[in-house]
Amino acid sequence: MSRLEARKPPLFISESLSSDAVSQSLSLLSEILKSSYGPAGRLKQLHNGVGGCVCTTSQSSALLGLLSVSQPVLRVLTASVRNHVSRFSDCGLFTAILCCGFIENFRNLNVAPFTVIKISKHLLSLCMDHLKSEACGCRVSVDFGSVETLICLVRSILTSKPGCMLNKTEVDHLTSLVLKAFIFTVPCHVETNAVLGKCVIVPVKGRRVVESTVLPGLLIETPELHLGKPLAVKRTGSNMIKIALFSVSMSGDGFNSEEGTIAVHHGVSLEVSELNQLLNVGKQLVKDEVGLVVCQKVMHPSLKQYLKENSVIAVDRAGLSLMEPLGRMTGNRPPITSIHSLSPGCYGSLKDLCIESFSSKHFLHLIPEDTVICSLILCNRSETAWDELKRVCETAEHVLQLTVKEPLALLGGGCTEIHLASYIRHKSSGLPASTFKDLDCSQTQYQLVADGFCRSLESVARSLCHDGEEILTDTVYGHCWFIPSGSPCVSRWSDLVSKCSCGVNGNTEDLSWRFLRGQSGSSVTQGCSKEPSVKVAGLLTLDCFAAKCSGLQVALETANLILDLSYIIEDQN
């Protein structure tokens with residue numbers, strides 16, 4: 001009993017945001033995120049300090065998932081952003097940087113946190129109303145009857161991550177592949193509750209990116225099948241291939257001692273009995289004219305041999321990740337979960353089977369009748385670049401799915417953030433006195449919070465600069481324009497800038513440019529042009545509408561939650 005220690009009381013920490021440790025940690029996290037942002041963002045290398053896998057990335061999903069965060073305040077922030085990324089896949093860095101900006105700009109105001117929260121919520125509602133209105137110039141309608149806007153959207157995602165190490169030719173090639181894969185997943189026959197299909201990414205590392213391709217259906221790696229040998233497969237009378245999909249082990253060791261005890265008669269071998277049952281299943285499959293058997297787990301060699309002798313192709317170790325798309329593609333849903341009973345309706349069907357070869361790998365290509373499942377054979381030169389590219393392609397697919405639900409996009413390159421800041425300054429300067437009364441604040445307090453809100457938005461745009469560029473903002477459209485570092489002094493800014501960073505507006509008119517260096521900006525004098533002066537599809541930079549709107553909301557709500565924290569209670573036991 002002498003070794004037992006008395007329980008320590010919990011540690012109460014008040015005014016957590018004012019502590020030096022929290023301030024330094026927040027500032028460090030903000031700098032890590034800002035330096036990773038955008039096409040010119042710097043890569044980060046993360047490892048756990050005791051060996052293991054090393055990750056080189058600039059993506060929020062990897063950064064926030066691997067960073068070790070000990071401060072409770074920062075854990076709230078990173079958990080909130082990771083939840084946003086899990087739902088939208090995009091705008092993770094935007095959300096995190098903006099949240100850090102809100103906290104840094106709001107906490108030093110001489111305004112009570114409760115008042116800051118009320119005013120900032122009102123400012124958020126102004127932003128959301130503007131973004132969702134037809135008059136918003138940051139919004140771009142996405143027409144699925146034309147691929148131009150979709151190409152811009154996918155290209156913007158692919159070029160935003162330098163870790164993919166793509167050149168222009170590779171970006172063009174992958175953009176067309178991602179769009180082709182997405183089109184494969186759209187059902188041909190629209191139903192009341194239509195569901196988009198799935199693109200399965202097949203890794204081929206050590207090959208050139210331009211060797212990547214998209215195929216309808218699914219690829220299952222099968223080293224035992226060779227390209228030179230003809231593929232003899234049994235077909236039904238309608239020239240279809242019947243498929244049986246098993247999620248249960250067919251290895252012959254189905255009994256698990258942990259599940260209980262089993263009584264076996266003297267002289268009866270459990271292994272032989274199990275094998276006989278498997279062979280009976282094989283006979284039933286042959287009788288039912290099944291041409292392909294796919295097992296998620298291991299299949300007994302004797303069963304595989306029996307099926308092969310009867311012109312039935314058997315594939316085992318397919319893995320859990322392929323079961324859902326396989327079942328959906330073949331109509332074999334749910335998969336067979338027992339080897340003791342096979343009903344006539346438990347099978348699916350395929351249009352065709354063939355063998356494909358990529359690099360040194362051989363795959364069985366399952367071709368369906370109606371394509372809503374496809375395979376993206378994704379190549380890249382190194383494992384690090386491939387991992388980064390895989391995450392980017394998955395993000396692009398998810399963004400396209402979100403865009404189907406809400407066919408809108410937002411202007412990228414920092415222009416939406418600068419435009420929103422200009423809009424808020426313009427809107428907040430002309431509010432009626434009744435607004436301040438409803439919010440129970442003074443006009444001075446409102447302007448202080450509004451200025452912090454706008455500076456936070458502008459800081460996100462400034463985070464796109466990593467090489468000493470200067471940022472100009474115009475007072476006509478409220479967009480941002482980048483001037484390369486070391487540019488010569490000129491009498492007219494139009495001699496240095498040809499278009500804004502999103503590519504919508506050109507320098508064909510006097511836009512009254514001003515430097516954006518952290519000071520209060522200027523409000524726009526008119527709405528953003530509805531007809532862009534630059535109409536070349538490849539020059540437009542676009543962001544996902546749903547993801548960015550959610551990121552804006554999540555950033556402010558998380559910042560307000562952190563600002564409202566009075567105590568942090570830590571258990572010391």
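The following refers to the structure shown. (Residues numbered from 1 in each chain as written. Predicted model: local features only at pLDDT ≥ 70, side-chain atom pairs only at ≥ 80, totals over all residues. Heavy atoms only, no water.)

### Re the overall build of the chain
- A count of helices and strands for the chain gives 15 helices and 20 strands.
- Residues counted as buried form 49% of the 573 residues belonging to the chain.
- Across the chain, the fraction of contacts at a sequence separation of at least 24, relative to all contacts at a separation of at least 6, is 76%.
- Within the structure as shown, the chain displays about 27600 Å² of accessible surface, and the carbon and sulfur contribution to it stands at 51%. (Helix = DSSP H or I, 4+ residues; strand = E, 2+ residues; numbered from the N terminus. Buried < 20%, exposed > 50% of the residue type's maximum accessible area, 1.4 Å probe, protein only. Contact = heavy atoms within 4.5 Å. Areas by Shrake-Rupley, 256 points an atom, 1.4 Å probe, with all protein chains shown as cover.)

### Some words on the sheet that holds strand β16 (residues 470–473)
- The sheet built from three strands is open, its strands ordered β17-β16-β18 with antiparallel pairing. Both edges of this open sheet fall to β17 (480–483) and β18 (514–515), since each of them pairs with a single strand only.
- Alignment of β16 against β18, held across two bridges, turns out to be antiparallel. Across the sheet, residue L472 finds its bridge partner in β18, namely F515. (Pairing = 2+ DSSP bridges.)

### Quick look at the sheet that holds strand β12 (residues 352–358)
- Reading across from one edge, β7-β13-β12 is the order of the three strands in this open sheet, with antiparallel pairing throughout. Strands at the two margins of the open sheet, each flanked by one partner only, are β7 (218–221) and β12. Strand after strand, the sheet turns through a mean of 30° between neighbouring axes, direction not considered.
- By the bridge criterion, seven bridges tie β12 to strand β13 (residues 361–367) in an arrangement that is antiparallel. Each residue of the ladder has a partner; that of C354, found in β13, is H365.
- Where helix α10 (residues 323–330) meets the sheet, its contacts fall on β7 and β13, and the angle it forms with β7 comes to roughly 130°. (Axes fitted to C-alpha atoms, helices over the stretch in contact; angles between N-to-C directions.)

### Let's talk about helix α15 (residues 545–563)
- Helix length check: α15, at 19 residues, gives a terminal C-alpha distance of 27 Å against a target of 27 Å (1.5 Å per residue), a fit within 8%.
- In terms of burial, α15 is largely enclosed, as 16 of its 19 residues are buried. (Expected span 1.5 Å × (residues − 1).)

### Details of the packing of helix α5 (residues 113–131) against helix α12 (residues 415–428)
- The N-to-C vectors of α5 and α12 enclose an angle of 115°; their axes lie 10 Å apart at closest approach. Both α5 and α12 take part in a crossing whose hand is right-handed. On α12, the residues that touch L123, L126, C127, H130 and L131 of α5 are H419, L420, Y423, I424 and K427.
- Its residues assigned to classes, the contact of α5 with α12 shows seven nonpolar, two polar and one charged. (Left-handed = near helix turned anticlockwise from the far one by under 90°. Nonpolar A, V, L, I, M, F, W, Y, C, P; charged D, E, K, R; others polar.)

### Observations concerning the environment of K304
- Along the chain, K304 turns up in helix α9 (residues 301–309).
- On a C-alpha basis, the gap between K304 and V293 in space is 9.3 Å, while along the polypeptide they are eleven residues apart.
- Not counting chain neighbours up to four residues away, the residues in contact with K304 comprise E224, M299, A314 and D316.

### Remarks on unusual backbone geometry
- The residue after R333, namely P334, is reached through a cis peptide bond having omega -10°.
- Within the element layout of this structure, P334 appears in the loop between α10 and β11 (348–350).
- The backbone of E289 shows a phi angle near 60°, a positive value even though the residue is not glycine.
- Here E289 shows up in the loop between α8 (270–287) and β9 (290–295).
- E289 sits in the partly exposed class, given a relative accessible area of 39%.
- The phi torsion at D440 lies on the positive side, around 55°, for a residue other than glycine.
- Structurally, D440 can be placed in the loop between α13 (433–438) and α14 (443–462).

### Some thoughts on the layout of surface pockets
- Looking at the largest pocket, its volume works out to about 1100 Å³.
- Lining the largest pocket we find 48 residues, and of these G38, P39, S156, S160 and T541 sit closest to its centre.
- Elements with a minimum of two residues in the lining of the largest pocket: α2 (60–66), α4 (92–107), α6 (148–158), α11 (383–405), β17 and β19 (542–544).
- Residue composition of the lining of the largest pocket, grouped by class: 20 nonpolar, 18 polar and ten charged. (1 Å grid on protein atoms, 1.4 Å probe; cavity = no way out; pocket = protein on both sides within 12 Å on 5 of 7 lines; lining within 4 Å. Points joined across faces, edges and corners; volume = space filled by probe spheres on them.)

### Considerations on the packing of helix α1 (residues 20–34) against helix α3 (residues 72–88)
- At a minimum axis separation of 9 Å, α1 and α3 run at an interaxial angle of 30°. Between α1 and α3, the angle is such that the two are roughly parallel. The residues of α3 that touch α1, namely those facing V22, S25, L26 and L29, are V73, L74, L77 and T78.
- Looking at the contact of α1 with α3 residue by residue, the classes come out as six nonpolar, two polar and no charged. (Parallel < 35°, antiparallel > 145°, perpendicular 65-115°, else oblique.)

### What about empty space enclosed by the protein?
- Here the structure, examined in full by the defined rule, presents two cavities of 30 Å³ or more.
- Of the volumes computed, that of the largest cavity is approximately 60 Å³.
- Lining the largest cavity, in full, are V178, A181, F182, C199, I201, L376, C393, E394 and E397.
- Elements that contribute at least two residues to the lining of the largest cavity include exactly α7 (168–184), β5 (198–205) and α11.
- Broken down by class, the residue content of the lining of the largest cavity amounts to seven nonpolar, no polar and two charged.
- Empty space within the second largest cavity amounts to approximately 50 Å³.

### Digging into α3
- In this model α3 runs 25 Å from its N-terminal to its C-terminal C-alpha over 17 residues, within 8% of the 24 Å that 1.5 Å per residue would give.
- Turning to α3, its buried residues number three or more, namely P72, V73, L74, L77, T78, S80, V81, H84, V85 and F88.
- The secondary structure elements touched by the buried residues of α3 are α1, α2, α4, α11, α15 and β20 (567–570).
- S89, located one to two residues past α3, shows a positive phi value of around 70°.

### Remarks on the pattern of salt bridges
- For the structure on display, the rule yields 18 salt bridges.
- As a salt-bridge pair, E383 and K205 come within 3.7 Å of each other at their nearest N and O atoms. Separated by 178 residues along the polypeptide, E383 in helix α11 and K205 in strand β5 bring together distant segments of the chain.
- Here E383 falls in the exposed class, since its relative accessible area comes to 52%.
- Among the residues examined, K205 registers a relative accessible area of 37% and is labelled partly exposed.
- A cluster of three or more residues bridged by salt bridges with shared partners is formed by R425, D451, R455 and E458. (Salt bridge = Lys/Arg side-chain N within 4 Å of Asp/Glu carboxyl O.)

On their own, these measurements won't tell you what the molecule is for.
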